[in-house]
Amino acid sequence: MSAASNRSKADKDPAEWLPSDGSYHCTYAATWVATKLRWGLAVDENERHALLGLAEDCPTTVAYEPAP
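Residues numbered from 1 in each chain as written. Predicted model: local features only at pLDDT ≥ 70, side-chain atom pairs only at ≥ 80, totals over all residues. Heavy atoms only, no water.

## A closer look at the state of the cysteines
A covalent bond between the sulfur atoms of two cysteines is what we call a disulfide. Overall, the coordinates contain one disulfide when judged by the stated rule. Residue Cys26 pairs covalently with Cys58 via a disulfide, S to S 2.1 Å. Here the disulfide of Cys26 and Cys58 is left-handed, its torsion about the S-S bond being about -90°. With Cys26 in helix α2 (residues 25-39) and Cys58 in the segment after α3 (45-55), this pair connects stretches of sequence that are 32 residues apart. Taken as a pair, Cys26 and Cys58 share a single burial class, namely buried. (Disulfide = S-S within 2.5 Å. Helix = DSSP H or I, 4+ residues; strand = E, 2+ residues; numbered from the N terminus. Buried < 20%, exposed > 50% of the residue type's maximum accessible area, 1.4 Å probe, protein only.)

Next comes the structure, spelled out in structure tokens:
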């Protein structure tokens, strides 16, 4: 990810920002969900809706290891 891309993302969730490369959306969403699950982080309704929409087109299985 370039510095400019990272700045545009800031602290936005997948409801507000996705990588410009559409072929990376599934990987990005899976990584996002795995991080949320690992650390027991909350998901707001807009974020949940966006992630569910992405999941419809993704064959990716989310794998994560619970935080110690």
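## Comments concerning the nonpolar core
As a rule of thumb, soluble globular proteins bury nonpolar side chains together. Listed in full, the six residues of the largest apolar core are Trp17, Tyr28, Ala29, Trp32, Leu51 and Leu54. Broken down by secondary-structure element, the contributors of at least two residues to this core are α2 and α3. With three residues, α2 is the largest single contributor of residues to this core. Look past the residues within four positions of Leu54 in its chain and what remains in contact with it is Pro14, Leu18, His25 and Ala29. (Core = buried A, V, L, I, M, F, W, Y, C linked by side-chain atoms within 4.5 Å. Contact = heavy atoms within 4.5 Å.)

## Regarding α2
In this model α2 runs 21 Å from its N-terminal to its C-terminal C-alpha over 15 residues, within 8% of the 21 Å that 1.5 Å per residue would give. All of the buried residues in α2 are Cys26, Tyr28, Ala29, Ala30, Trp32, Ala34 and Lys36. One or two positions beyond α2, positive phi appears at Gly40, with a value near 65°. (Expected span 1.5 Å × (residues − 1).)

## Some points on the side chain of Lys36
Relative to the elements of secondary structure, Lys36 occurs in helix α2. Exposure remark for Lys36: the relative accessible area of 15% places this residue in the buried category. Residues in contact with Lys36, not counting those within four places in the same chain, are Leu41, Ala42, Val43 and Glu47.

## Topic: the environment of Val62
Checked against the element boundaries, Val62 lands in the segment after α3. The contacts of Val62, once residues within four sequence positions are left out, are Ala30, Val33, Ala34 and Leu37.

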